Amino acid sequence: AQSVAQPEDQVNVAEGNPLTVKCTYSVSGNPYLFWYVQYPNRGLQFLLKYITGDNLVKGSYGFEAEFNKSQTSFHLKKPSALVSDSALYFCAVRDKANAGKSTFGDGTTLTVKP
Amino acid sequence: DTAVSQTPKYLVTQMGNDKSIKCEQNLGHDTMYWYKQDSKKFLKIMFSYNNKELIINETVPNRFSPKSPDKAHLNLHINSLELGDSAVYFCASSALTANSGANVLTFGAGSRLTVL
């Protein structure tokens with residue numbers, strides 16, 4: 001069975017500071033990893049994904065994520081946070097054997113204060 | 001032009017009623033999904049259809065019945081609504097390719113169901 005853990009319900013950072021939103025995963029094979037963002041009263045939007053190749057993945061709005069196989073982690077990062085980055089962030093995983101099903105973490109609310 | 005559109009956006013109804021939520025995608029995707037987001041914002045998959053065929057059916061009460069008349073549409077019908085069915089229901093779609101696990105989900109804006 002595949003699973004995702006987002007250990008922090010809430011992350012608070014000041015505008016201009018770097019941010020990290022944590023995600024760890026468990027799958028039986030090679031993982032496909034995704035980050036999605038949800039703004040209030042909206043559907044989820046894709047940010048970035050890791051399939052294979054470079055461990056550092058760059059995505060939309062200046063976000064990046066680092067795949068770490070030994071730590072089974074896929075943390076989301078941004079060098080300089082904006083107030084407009086405040087939203088709910090979801091990590092998701094699929095494994096190749098279960099290609100139709102994405103399992104989502106419980107979400108992390110990011111608040112960026114001016 | 002909305003890629004994944006759901007109707008209605010808001011639905012308020014009484015316990016015991018039957019209601020439907022419709023979803024349409026114009027992306028040419030082969031696979032469509034229903035997800036439920038509860039009051040704590042947790043997101044759980046309910047169903048997935050690939051080209052009108054059911055491929056994922058999670059542990060969902062049989063009061064919930066998905067229907068896919070064609071690959072661009074996936075509707076959700078709920079019988080005998082209960083208080084616990086109150087949630088936001090999201091439709092999503094993705095393309096079917098040889099490496100379908102890598103495909104991104106495109107979500108609709110959600111349908112907020114409130115059962116009184």
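In this report, the structure presented in the accompanying data block is examined. All figures in this text were calculated on a predicted structure; none of them were measured in a lab.

The subject of this paragraph is the pattern of salt bridges. Under the defined criterion, the tally for this structure stands at seven salt bridges over all chains. Across the pair A:Glu66 and A:Lys77 runs a salt bridge, and its minimum N-O distance is 4.0 Å. Linking A:Glu66 in strand β8 (residues 64-68) with A:Lys77 in strand β9 (residues 73-78), this pair joins segments that are eleven residues apart in sequence. Residue classification places A:Lys77 among the partly exposed positions, given a relative accessible area of 31%. The partner of A:Asp85 in a salt bridge is A:Lys78, with the nearest N and O atoms 2.8 Å apart. Each member of the pair, A:Asp85 as well as A:Lys78, is classed as buried. Taken together, the salt bridges that share partners define one network made up of B:Arg63, B:Glu82 and B:Asp85.

To continue, consider the side chain of A:His75. Residues and elements named next belong to chain A. Within the secondary structure, His75 is located in strand β9. According to the relative accessible area criterion, His75 is buried, its value standing at 19%. Within the local environment of His75, its side chain forms a polar contact with the backbone nitrogen of Cys23, the two atoms lying 3.0 Å apart. Once residues lying within four places of it in the same chain are set aside, the contact partners of His75 are Thr20, Val21, Lys22, Cys23, Trp35, Glu64, Ala65 and Glu66.

Before going further, it helps to examine the nonpolar core. Formed by 28 residues in total, the largest nonpolar core has its most connected members in A:Trp35, A:Leu47, A:Leu48, A:Phe74, A:Leu76 and A:Tyr89. For this core, the secondary-structure elements that each account for two or more residues are β2 (10-14), β3 (19-21), β5 (31-38), β6 (44-50), β8, β9, β10 (87-95) and β12 (108-113) of chain A. With four residues, the single largest contributor to this core is β10(A). Ignoring any residue separated from it by four or fewer positions in sequence, one finds A:Leu48 in contact with A:Leu33, A:Phe34, A:Trp35, A:Val57, A:Lys58, A:Gly59, A:Phe63, A:Glu64, A:Ala65, A:Phe74 and A:Leu76. Among the nonpolar cores identified, the runner-up in size contains 19 residues, and B:Ala87, B:Tyr89, B:Leu113 and B:Val115 belong to it.

It is worth spelling out the state of the cysteines at this point. Defined simply, a disulfide is a covalent bond joining two cysteines at their sulfur atoms. For the structure shown, the criterion picks out two disulfides over all chains. Linked covalently through their sulfurs, A:Cys23 and A:Cys91 form a disulfide whose S-S length is 2.0 Å. Taking the torsion about the S-S bond as the criterion, the A:Cys23 to A:Cys91 disulfide, at about -65°, is left-handed. One end of the pair, A:Cys23, is in the loop between β3 and β4 (24-26); the other, A:Cys91, is in strand β10, with 68 residues separating them in the sequence. We note that A:Cys23, like A:Cys91, is buried. Residue B:Cys23 pairs covalently with B:Cys91 via a disulfide, S to S 1.9 Å. Negative torsions about the S-S bond denote left-handed disulfides, and the value of about -80° found for B:Cys23 with B:Cys91 makes this one left-handed.

In this structure the tally under the stated criterion is 15 aromatic pairs over all chains. Their ring planes at 25° and their centres at 6.1 Å tell us that A:Tyr25 and A:Phe67 sit as a pair that is stacked. One end of the pair, A:Tyr25, is in strand β4; the other, A:Phe67, is in strand β8, with 42 residues separating them in the sequence. The class for A:Tyr25 is buried, based on a relative accessible area of 9%. For A:Phe67, a relative accessible area of 6% puts it in the buried group. Taking the centre distance of 6.5 Å and the plane angle of 55° together, the rings of A:Tyr50 and A:Phe74 count as tilted. Note that A:Tyr50 is positioned in strand β6 and A:Phe74 in strand β9, a separation of 24 residues in sequence. With respect to class, A:Tyr50 is no different from A:Phe74; both count as buried. Members of the aromatic cluster, connected to one another through ring pairs, are A:Phe34, A:Tyr36, A:Phe46, A:Phe90, A:Phe104, B:Tyr33, B:Tyr35, B:Phe90 and B:Phe107.

Conventions and cut-offs
- Residues numbered from 1 in each chain as written.
- Chains lettered and ligands numbered in written order.
- Predicted model: local features only at pLDDT ≥ 70, side-chain atom pairs only at ≥ 80, totals over all residues.
- Heavy atoms only, no water.
- Salt bridge = Lys/Arg side-chain N within 4 Å of Asp/Glu carboxyl O.
- Helix = DSSP H or I, 4+ residues; strand = E, 2+ residues; numbered from the N terminus.
- Buried < 20%, exposed > 50% of the residue type's maximum accessible area, 1.4 Å probe, protein only.
- Polar contact = N/O pair within 3.5 Å; in protein donor to acceptor, adjacent residues only side chain to side chain.
- Contact = heavy atoms within 4.5 Å.
- Core = buried A, V, L, I, M, F, W, Y, C linked by side-chain atoms within 4.5 Å.
- Disulfide = S-S within 2.5 Å.
- Phe/Tyr/Trp six-rings, centres within 6.5 Å; stacked < 30°, edge-to-face > 60°.

Honestly, that's just the spatial picture; any functional story needs more than this.
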